[in-house]
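Here are the chains, one letter per residue:
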Amino acid sequence: MQNTKQIPEPTRCEPAKYEYKKSSYTEMYKVLQTLRQDEVLCDIKLETDDGGVIFGHKVVLASASPYFLAMFTHFSEKDQDLVAIRQLNSSTLQLLIDFVYSGEISITEKNIQDLLPASNLLQLQEVKNACCDYLQAHLCPTNVIGIIGLADLHSCTTLLTSSELYIQQHFSKVVEHEEFLSLSYEQMVKLISSDELTAPSEEKIFESVVRWVKHELASRKQILPQLMEHVRLPLMSKDYILKNVVDEPLLSNCFKCKDYVVEALSFHLFKSEELNTILHNNRTKPRQRGGTHKVILVVGGSGINFKTLDSTEWYDPKINKWQSGSKMITPRYAGGLAVVKDNFALYLGGRNSESTSQAVDAINLSSELPHWEPNYNMSVKRQRFGVGVIDNCIYAVGGFDGKSILNSAEVFDCRTREWCTISSMTTIRCGHGLGVLNNLLYAVGGSALRTLNSVECYHPSLDRWTPVADMCVRRAGVGVGVLDDVLYAVGGNDGLNVHKSVEAYRPSTGVWYTIPDMHLCRNSAGVAVFDGLLYVVGGNDGSSVLDSVEFYNPNTNKWTMVTASMNVARAEAGVVAIDMPRHFKTC
C-alpha cells in the first residue's frame, strides 16, 4: 500500500540547529577527583602551616572559589606551582578541596570551628551557609553566646539575627550559664534594650545586669549607668524596688543610678498622671513578651447619615477580626491620628458637631485600661489636614480652620512638649494626604480653589518646602501611605468623581506611575502599612459610607478584599498601624 502521508516542505531552506545539553556533570567531577588524588595533570600544590600538601588544578579551584580565582589570575601565585595557605590546617583544607571536586562535605561538632572561618576565607559560600545552618540547628543556652561571636566575626548575618533572637526568647535559661557573663558591653545593651526580650519579669533582667557587672566589677562598674538606662525599673513592683533596688550597693554608690530609682518610685507615686509624665520615656514602655505583631487602629470619623462618631475599633489580621476600643472624649471626624514611641496614639483636631477643633487627645496603649485624655492643643484649629511623625516630632500641615483653607504648618516636639510654627507650604491645601519618606514630609494633592494634583516636600533640617512631580490625577480626600520606599496616593476625588485608581512615586526616579485599581472607589479613606502590605480602610464611594477594607501587595501587584468588615462604616477616620498592645483583649 502506498504511503500517502505528506511531509511538509520547509518555507525556506536554512541550516538546521539542534542543541544538546549534558544533564549531569557528576561523572566529569569524579574523573577530576581521581586525577587529583593520583596527582595527574595537577598544576598547583597547596601547603598549610602544619606541613600538609594538597594537590589540585588551578582552573577547578578558580571556578569554585573567588579567593582562588583572584590568586591565580591577579597575584604572583598565578605563576607558582606551590602556594602557602596560611591560617588553615591541612585536614580542614582537605575537606574544602574535596568539596570543590565532589560537592559533598560532612560538618561535625569537631570540625565546625575550623570549617566556618576557612570557608569564609576561601569564599566558599555554600559551605559557609551549611556551617551556619548547622550552628543554627544546634543553638542552645550553653552555646548561643559563643555562636553569636562566630557569626559576628565571620559576617553571618542570618545566623547572627537568629542567635540574638534565641537569646531574647530564652533569656532566663541563657543567663544561668557562665557564658552569659562573657557578653560584651555592646551586646548587653542591645539585649536589655530590646522591646522583645522575653523574661518572667523586669526584676529578672535587673538581677542579671547586677550579676554581669559584679563579674568584672573593676572594669564594668563604670558603665553601670549606661546599662541601667535600659532596665525598666518603673515596671517593677514598688515593693521589689524598695526591698532590692534601693539598697543595692552598686546603685546607691552611683548618682545617675539613683536618679533612675527616684524616677521609678515617682512613677508609682504619680501613676495617675502618666500621660503627661512618661510620654517619651522608654523605661516605662512594657516589653512585648514573645514579640509583637501589628494591628490597625481606627478612631472616630463620619458615619452613615453624616453621624459624627466617637467610637474606635481595631483589626487583628492574625484572627481576621475587628474589635471595639475605647470611646473618644468627644465625637470627631476629619482629624489626624499619630503614634509616638509605639505606646501613645494622639488624635489631633478635626471637627465635632459644632466647630473645627484644635484639641489633641492621647491614649496610652500600654495601659491596662486604655482611655483617652486631653493633651497639648495645637496652635491652630484644623480639620482635613495632614499629620506625620519624624523622630518623635508630630507635624500638623494645612487643612481648614472653619473659615479658610490653610498653608500653615506646626510641629509638636515630644521632648519640650511645645507646638512651634514651621514654614508654610507653597500652596494652601485641605483634604490632602501627608506621607513620611526618608525623614521628609510629602504633602499630596488636596483642594484649594480647585482639586490639586500638585505635591510638595518638606525638609525638616532646612525648614523648607519644595515642589516635586505632579500626580497623574487630581486628588482631594486622598489617602497616602509609604511602603518599601514608595509613596502611594490612594483614591480621592477630582471634584466630580470618586477614584478607585492608585498611583505611586519613587523619589529615586521622581516620577508618578499607576498601579492596579482598588476594588472599590474610595474617598477620604484611611491608610495603614504593615507586614509588607498597604491597607485602605473605609471611606465613601460617592454615594455611601464604606465599612470594607482592602490591601495591596506590591509583590503580586494585586488588591485583595479583607473578608472582615469594620463594625461601623466610616469615612474621614483616623487610621494607623500600631504594635498589638498586650492589654487589648481578643474575643
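Definitions and cut-offs
Residues numbered from 1 in each chain as written. Predicted model: local features only at pLDDT ≥ 70, side-chain atom pairs only at ≥ 80, totals over all residues. Heavy atoms only, no water. Helix = DSSP H or I, 4+ residues; strand = E, 2+ residues; numbered from the N terminus. Rg over C-alpha atoms; globule rule 2.2 N^0.38 Å. Buried < 20%, exposed > 50% of the residue type's maximum accessible area, 1.4 Å probe, protein only. Contact = heavy atoms within 4.5 Å. Lys, Arg positive; Asp, Glu negative; His and termini not counted. Charge placed at Lys NZ, Arg CZ, Asp CG, Glu CD. UniProt positions renumbered as here; feature names shortened; annotations may be inferred. Pairing = 2+ DSSP bridges. Axes fitted to C-alpha atoms, helices over the stretch in contact; angles between N-to-C directions. 1 Å grid on protein atoms, 1.4 Å probe; cavity = no way out; pocket = protein on both sides within 12 Å on 5 of 7 lines; lining within 4 Å. Points joined across faces, edges and corners; volume = space filled by probe spheres on them. Phe/Tyr/Trp six-rings, centres within 6.5 Å; stacked < 30°, edge-to-face > 60°. Core = buried A, V, L, I, M, F, W, Y, C linked by side-chain atoms within 4.5 Å. Salt bridge = Lys/Arg side-chain N within 4 Å of Asp/Glu carboxyl O. Nonpolar A, V, L, I, M, F, W, Y, C, P; charged D, E, K, R; others polar. Disulfide = S-S within 2.5 Å. Parallel < 35°, antiparallel > 145°, perpendicular 65-115°, else oblique. Left-handed = near helix turned anticlockwise from the far one by under 90°. pLDDT = per-residue confidence, 0-100.

Draft legend 1. Representation of the overall build of the protein chain within the structure. A tally of helices and strands in the protein chain yields 17 helices and 27 strands. Its C-alpha radius of gyration of 32 Å places the protein chain more than 25% over the 25 Å reference for a compact globule of 587 residues. Along the three orthogonal principal directions, the C-alpha set of the protein chain runs to about 100 × 95 × 50 Å. Burial status across the protein chain gives 48% buried among its 587 residues. Considering only contacts in the protein chain between residues 6 or more positions apart, those separated by 24 or more positions represent 55%. Where the 56 positive side-chain charges of the protein chain centre and where its 66 negative ones centre are 5 Å apart.

Draft legend 2. Just the UniProt feature "domain: BTB" (unreviewed entry) in the protein chain, in detail. In the numbering adopted here, UniProt assigns the feature "domain: BTB" (unreviewed entry) to residues 42-109. With 43% helix and 19% strand, the stretch residues 42-109 has end C-alpha atoms that lie 32 Å from each other.

Draft legend 3. Highlighting the sheet that holds strand S6 (residues 321-324). In space, the 4 strands of this open sheet follow the order S6-S5-S4-S27, with antiparallel pairing throughout. With partners counted over all chains shown, the strands left at the sheet margins are S6 and strand S27 (574-579), one partner each. Averaged over all pairs of adjacent strands, the angle between strand axes in this sheet comes to 25°, irrespective of strand direction. When strand S4 (residues 294-299) meets strand S5 (residues 312-316), the two strands line up antiparallel, connected through 4 bridges. Paired with Ile-296 across the strands is Tyr-315, a residue of S5.

Draft legend 4. Just the layout of surface pockets, in detail. Its boundaries defined by the atoms lining it, the largest pocket holds a volume of some 1200 Å³. Lining of the largest pocket is provided by 43 residues; of these, Leu-337, Val-387, Leu-434, Val-527 and Val-575 occupy positions nearest its centre. Put simply, the parts of the chain that give the lining of the largest pocket at least two residues each are strand S7 (336-340), strand S11 (386-390), strand S15 (433-437), strand S19 (479-483), strand S23 (526-530) and S27. Residue contributions to the lining of the largest pocket peak at 6 residues, all from S27.

Draft legend 5. Layout of the sheet that holds strand S17 (residues 455-459). The strand order across the open sheet formed by 4 strands is S15-S16-S17-S18, and the pairing between neighbours is antiparallel. What marks the edges here is a single partner per strand, and that holds for S15 and strand S18 (464-468). Averaged over all pairs of adjacent strands, the angle between their axes in this sheet comes to 25°, without regard to strand direction.

Draft legend 6. Focus on the environment of Ala-359. Tracing the backbone shows Ala-359 in the loop between strand S8 (344-348) and strand S9 (360-364). Residue classification places Ala-359 among the partly exposed residues on the basis of a relative accessible area of 22%. Sequence separation between Ala-359 and Val-380 is 21 residues; the distance between their C-alpha atoms is 9.2 Å. Other than its neighbours up to four places away in sequence, Ala-359 contacts Arg-332, Tyr-347, Leu-348, Gly-349 and Asn-377.

Draft legend 7. Examining the packing of aromatic side chains more closely. Applying the stated criterion to the full structure yields 14 aromatic pairs. Each ring, one from Tyr-67 and one from Phe-68, has its centre 5.4 Å from the other, and the planes form 80°; the classification is edge-to-face. On the accessibility criterion, Tyr-67 (22% relative accessible area) is partly exposed. A relative accessible area of 2% means that Phe-68 is categorised as buried. Look at Phe-206 and Tyr-240: their rings are 6.4 Å apart centre to centre, the planes differ by 90°, and that puts the pair in the edge-to-face class.

Draft legend 8. Spatial organisation of the nonpolar core. Residues Phe-206, Met-228 and Leu-233 are the most contacted members of the largest nonpolar core, which totals 77 residues. Discounting chain neighbours no more than four positions away, the residues touching Met-228 are Phe-206, Val-209, Leu-233, Leu-251, Cys-257, Tyr-260 and Arg-283. Listed in part, the 16 residues of the second largest apolar core include Ile-296, Ala-528, Val-549 and Met-566.

Draft legend 9. Fine view of the pattern of salt bridges. A full pass over the atoms with the stated rule returns 17 salt bridges. Glu-313 is paired through a salt bridge with Arg-570; the nearest N and O atoms lie 3.0 Å apart. Of the two residues, Glu-313 is situated in strand S5 and Arg-570 in the loop between strand S26 (558-561) and S27; the sequence distance between them amounts to 257 residues. Residue Glu-313 shares its accessibility class with Arg-570, and that shared class is buried.

Draft legend 10. Structural view of empty space enclosed by the protein. Counted under the stated rule, the structure contains 3 cavities of 30 Å³ or more. The space that makes up the second largest cavity amounts to roughly 40 Å³. Around the second largest cavity, the lining is made up of 13 residues, and of these Gly-526, Val-537, Arg-570, Ala-573 and Val-575 lie nearest the centre. Classifying every residue of the lining of the second largest cavity gives 7 nonpolar, 4 polar and 2 charged.

Draft legend 11. View of the state of the cysteines. Tallying each qualifying case throughout the model produces 0 disulfides. In this structure Cys-131 is a free cysteine whose sulfur lies 6.9 Å from that of Cys-132, the closest cysteine sulfur available. Lacking any disulfide linkage, Cys-521 is separated from the closest cysteine sulfur, that of Cys-472, by 17 Å.

Draft legend 12. Structural context of the packing of helix H11 (residues 202-215) against helix H14 (residues 238-245). Where H11 meets H14, the axes come as close as 11 Å, and the angle between the chain directions of the two elements is 15°. What the angle tells us is that H11 and H14 run roughly parallel. H11 and H14 meet at a crossing whose hand is right-handed. Here Glu-203, Phe-206 and Glu-207 of H11 lie close against H14, whose contacting residues are Tyr-240, Asn-244 and Val-245. A breakdown of the residues in the contact of H11 with H14 according to their chemical character gives 3 nonpolar, 1 polar and 2 charged.

Draft legend 13. Representation of the environment of Arg-384. Relative to the helices and strands, Arg-384 is located in the loop between strand S10 (372-374) and S11. For the pair Arg-384 and Ser-353, spaced 31 residues apart in sequence, the C-alpha to C-alpha distance is 15 Å. Filtering out sequence-adjacent residues up to four positions away, Arg-384 remains in contact with Ala-334, Gly-399, Cys-430, Gly-431, His-432, Ser-447, Gly-477 and Glu-572.

Draft legend 14. View of the confidence of the model for the protein chain. When pLDDT is averaged across the protein chain, the result is 89; 91% of the residues are at 70 or more. Predicted confidence for residues 272-279 stays below pLDDT 50, and this span has 20 contacts to residues more than four positions away or in other chains.

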